[in-house]
Amino acid sequence: MNETTGAELAAKLLQGVEHEHVRAATRLLGSHRDGFWLRSFARTRSSRIWRAVP
């Protein structure tokens, strides 16, 4: 099982992101239920990217 906390995941995803609204929303998702929704969105996005790669 992944031991990364929601806050740690948010910080990792925010590297290089400058838009403050995106940063705030990502931090909020990372803190809620230890990042449950942030992990869900990241998984969904990742699977969509891989399906688009030939």
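Look a little higher up for the structure.
Residues numbered from 1 in each chain as written. Predicted model: local features only at pLDDT ≥ 70, side-chain atom pairs only at ≥ 80, totals over all residues. Heavy atoms only, no water.

## Topic: the overall build of the protein chain
Applicable threshold: Numbering of helices and strands starts at the N terminus; helices are DSSP runs of H or I of at least 4 residues and strands are runs of E of at least 2. Any residue under 20% of the maximum accessible area for its type is buried, any over 50% is exposed, and the rest in between are partly exposed; the area is computed with a 1.4 Å probe on protein chains only. All accessible areas in this document rest on Shrake-Rupley with a 1.4 Å probe, and a residue is counted as covered only by the protein chains that are shown.
Across its full length, the protein chain holds three helices and zero strands. Listing every helix and strand of the protein chain by position from the N terminus yields α-α-α. A buried classification covers 19% of the 54 residues belonging to the protein chain. Entry remark: accessible area of the protein chain is about 4600 Å², with carbon and sulfur atoms responsible for 59%.

## Quick word on the environment of Val17
The cut-off we apply is this: Contacts: residue pairs with any heavy atoms within 4.5 Å of one another.
With respect to the element layout, Val17 can be found in the loop between helix H1 (6–13) and helix H2 (20–31). Other than its neighbours up to four places away in sequence, Val17 contacts Val22 and Arg23.

## Side note on the packing of H1 against H2
Stated precisely, the cut-off is as follows: Angular values range over 0 to 180 degrees, each being the angle between N-to-C directions of two axes fitted as lines to C-alpha atoms, with helices fitted over their stretch in contact. An angle below 35 degrees is treated as roughly parallel, one above 145 as roughly antiparallel, one from 65 to 115 as roughly perpendicular, and anything else as oblique. Handedness of a crossing is defined here by the sense of rotation of the near helix relative to the far one, left-handed for an anticlockwise turn of less than a right angle and right-handed for a clockwise turn. Ten residues, namely Ala, Val, Leu, Ile, Met, Phe, Trp, Tyr, Cys and Pro, are considered nonpolar, four, namely Asp, Glu, Lys and Arg, are considered charged, and the remaining ones, Gly among them, are considered polar.
One way to put it is that H1 packs onto H2 with a least axis distance of 7 Å and a crossing angle of 155°. Relative to H2, H1 is oriented roughly antiparallel. Every pair of crossing elements has a handedness; the one defined by H1 and H2 is right-handed. Of the residues in H2, those in contact with Gly6, Ala7 and Ala10 of H1 are Thr26, Arg27 and Gly30. Considered class by class, the residues forming the contact of H1 with H2 number two nonpolar, three polar and one charged.

## Looking at the packing of aromatic side chains
Basically, it comes down to this: For this analysis, a ring pair means two rings from Phe, Tyr or Trp (six-membered ring only for Trp) whose centres lie within 6.5 Å, classed as stacked if their planes differ by under 30 degrees, edge-to-face if by over 60, and tilted for the remaining angles.
Inspection of every chain in the model, using the stated rule, returns two aromatic pairs. Centroid distance Phe36 to Trp37: 5.0 Å. Interplanar angle 85°. Geometry classified as edge-to-face. Using a relative accessible area of 38% as the deciding quantity, one classes Trp37 as partly exposed. Between Trp37 and Phe41, the aromatic rings sit 6.2 Å apart at their centres with planes inclined by 35°, giving tilted as the arrangement.

## Re the pattern of salt bridges
Put simply, the rule is: We define a salt bridge as a contact between a side-chain nitrogen of Lys or Arg and a carboxyl oxygen of Asp or Glu at a distance within 4 Å.
According to the stated counting rule, one finds one salt bridge in the structure shown. Here Arg27 ties to Glu20 by a salt bridge, and the two come within 3.2 Å at their closest N and O atoms. A relative accessible area of 40% places Arg27 in the partly exposed class. Residue class for Glu20 comes out partly exposed when judged on its relative accessible area of 47%.

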